[in-house]
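Fold and contact review
Below are the chains, spelled out letter by letter.
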Amino acid sequence: MQKKTHDAAMLAEAATAEADRWRSRDLAVLWHPCTQMREHPHTLPLLPIERGEGPWLIGRDGRRYLDAISSWWTNLFGHAEPRIAAAIARQATTLEHVILAGCSHAPAVELAERLLAIAPREVDREPLAKVFYADNGSAGVEVALKMAFHWFRNRGVEGRTKFIALEGGYHGETLGALAVGDIPLYRRVYAPLLAEALFAPSPDAYLCEPGETPAQRAQRAADALRDLLERHADEVCALILEPRVQCAGGMRMHDPLYLKLVRQLCDAHGVFLICDEIAVGFGRTGTLFASEQSGVQPDLLCLSKGLTGGALPLAAVLATQSIYDGFLDDSREKAFLHSHSYTGNPLACAAALATLGIFASDDVIARNRTTAARMAGLAAAFADHPQVADVRQAGMIVAFELTRGGDKRTPFNPDARIGLRAYRAALERGVLLRPLGDVLYWMPPYCVDDDALQLLASTTHAAIDHAIKEAACA
Ligand SMILES: *Cc1c(COP(=O)(O)O)cnc(C)c1O
């Protein structure tokens with residue numbers, strides 16, 4: 001017995017040393033995304049991950065972490081999902097890649113057919129009819145923005161050069177995508193480089209005035225948008241938004257009524273509606289696409305992240321036949337010449353097809369309803385927490401807004417780094433959260449079970465309490 005304990009201790013020590021070796025090798029050569037590298041590894045832990053298994057990540061030190069944020073909202077059915085892995089492996093030994101200009105391949109065609117078949121649809125509106133591929137979400141947003149702008153140019157309309165976007169919105173990090181984003185931390189430095197966009201007030205229900213309902217808030221935001229359009233419609237080619245949840249902006253949620261009103265306003269002013277469902281698509285908000293909750297079909301739909309189940313980078317932009325037809329001409333300049341080397345990569349398309357297969361065979365949306373109800377039950381316990389100002393949920397996303405005394409008007413001083421402290425405390429307890437400022441959220445892979453959800457809830461509780469105490473002592 002004693003020998004066994006001794007051996008286990010030796011193994012644990014070796015594992016820790018192994019993790020430390022990977023940490024130093026990493027920091028010697030890698031520059032990580034979305035990170036002030038100076039904070040590694042002391043302020044901000046760096047986790048060398050060896051493998052994934054369902055909703056779990058297994059570290060080089062042998063520790064298990066619940067991936068409560070689905071690895072930046074990409075993962076749907078757990079890590080190393082065998083059906084997706086097999087589809088990629090099969091495709092890799094058949095055709096790994098081929099230029100998509102002038103060539104065609106089955107995965108790209110089949111995926112386009114299936115995406116168009118499940119895309120949001122309004123009766124009496126021409127359906128989404130064509131698919132353009134890109135290789136990440138930001139690139140997909142660039143495609144949609146360029147298409148909208150170029151379509152008007154091709155019709156001889158030169159004045160519609162601007163986009164309308166929402167306050168608190170996020171659409172990616174490339175310069176075009178940043179121009180329609182409103183997260184100061186990402187945007188401010190690059191402001192001199194960005195195309196001008198017009199920002200409309202967010203319908204964010206967290207910003208409701210006392211006594212105001214989310215639907216009233218949505219109506220008020222739509223009224224402000226109407227004013228903006230009445231003044232500027234002639235300069236605007238498209239409006240872009242994240243339906244239902246502004247994710248990077250702090251998992252801020254709004255009433256589905258808003259998108260319905262936006263659809264009407266866009267129609268009235270001849271402005272294209274771009275729905276960015278890169279984060280909220282594929283079941284995250286309870287329906288396959290968030291736009292469905294408003295009964296709305298956009299003119300351009302951006303998809304990525306969950307599109308491949310989280311296995312490979314891929315984006316798809318769905319467009320109407322009229323938008324597509326606007327580029328048909330004898331002139332090559334009127335064509336949409338946008339291209340990426342890896343456009344429509346067969347491996348990524350195969351992963352996406354496997355993902356859609358799982359949606360069809362496993363009744364994912366119905367099963368998620370049960371999981372979402374469990375999440376709601378666990379989240380309810382936070383409503384009375386003294387530092388929680390808001391608990392909100394949209395399907396498989398739950399968010400907790402932390403403020404001083406739980407009062408919306410008294411956010412924590414950002415320098416207190418409450419979110420970062422909670423992140424560290426949760427990691428200590430085996431859960432990977434990654435708060436957005438002081439907003440903690442759950443966005444787990446759909447395969448998360450009851451035990452994992454219990455761990456998530458108790459860890460979130462402990463992490464909040466730890467963060468508050470630690471900040472008070474700092
Ligand atoms: C993540 C995200 C993007 C950007 O996608 P990347 O693949 O990270 O470039 C765009 N829009 C929304 C709503 C997102 O959440």
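Residues numbered from 1 in each chain as written. Predicted model: local features only at pLDDT ≥ 70, side-chain atom pairs only at ≥ 80, totals over all residues. Heavy atoms only, no water.

The name recorded for the chain in an unreviewed UniProt entry is Adenosylmethionine-8-amino-7-oxononanoate aminotransferase, from Lysobacter cavernae. The Subunit (unreviewed entry) field of the UniProt record for the chain holds the comment "Homodimer." The chain has a UniProt comment under Cofactor (unreviewed entry) that states "pyridoxal 5'-phosphate". (UniProt positions renumbered as here; feature names shortened; annotations may be inferred.)

Quick word on the packing of aromatic side chains
Enumeration according to the criterion identifies 14 aromatic pairs in this entry. The interplanar angle of 45° and the centroid separation of 6.3 Å between the aromatic rings of F282 and F359 together place this pair among those described as tilted. Linking F282 in the loop between strand 10 (272-276) and strand 11 (300-303) with F359 in helix 11 (residues 346-362), this pair joins segments that are 77 residues apart in sequence. Taking the relative accessible area as the measure of exposure, F282 reaches 1% and is therefore buried. For the pair F382 and W442, a centre-to-centre distance of 6.0 Å together with 80° between the ring planes defines the contact as edge-to-face. Of this pair, F382 sits in the loop between helix 12 (364-380) and strand 13 (388-394) while W442 sits in strand 16 (residues 439-442), and the two are 60 residues apart along the sequence. For F382, a relative accessible area of 0% corresponds to the buried category. Pairwise contacts between aromatic rings join F77, F282, F289, F359 and Y446 into one cluster. In this structure, R64 packs its charged tip against the face of W56, placed 5.0 Å from the ring centre. When the ring centre of Y324 is taken as origin, the NZ or CZ atom of K130, which lies over that ring, is 4.5 Å away. (Phe/Tyr/Trp six-rings, centres within 6.5 Å; stacked < 30°, edge-to-face > 60°. Helix = DSSP H or I, 4+ residues; strand = E, 2+ residues; numbered from the N terminus. Buried < 20%, exposed > 50% of the residue type's maximum accessible area, 1.4 Å probe, protein only. Lys NZ or Arg CZ within 6 Å of the ring centre and 35° of its normal.)

Describing the state of the cysteines
Summed over all chains, the structure comprises 0 disulfides. C208 takes part in no disulfide bond, and the closest cysteine sulfur to it belongs to C247, at a distance of 18 Å. Looking at C208, the relative accessible area reads 16%, which means it is buried. (Disulfide = S-S within 2.5 Å.)

What to know about the UniProt feature "binding site: pyridoxal 5'-phosphate" (unreviewed entry) in the chain
According to UniProt, the "binding site: pyridoxal 5'-phosphate" (unreviewed entry) feature falls on G137, S138, D276, H340 and S341. Separation in sequence by 205 residues is matched in space for these annotated residues, since their most distant C-alpha atoms are 22.9 Å apart. Among the secondary structure elements, G137 is positioned in helix 5 (residues 137-154). Summarising the element assignment, S138 is placed in helix 5. Looking at S138, the relative accessible area reads 14%, which means it is buried.

Comments concerning a nonpolar patch on the surface
On the surface, L175, V189, Y190 and L193 cluster together into a nonpolar patch covering about 420 Å² of accessible area. Relative to the elements of secondary structure, Y190 occurs in the loop between helix 7 (184-187) and strand 6 (197-200). The exposure class assigned to Y190 is partly exposed, which follows from its relative accessible area of 41%. (Patch = residues over 30% accessible without salt bridge, like charges linked within 9 Å, V, L, I, M, F, W, Y side chains within 5 Å. Areas by Shrake-Rupley, 256 points an atom, 1.4 Å probe, with all protein chains shown as cover. Salt bridge = Lys/Arg side-chain N within 4 Å of Asp/Glu carboxyl O.)

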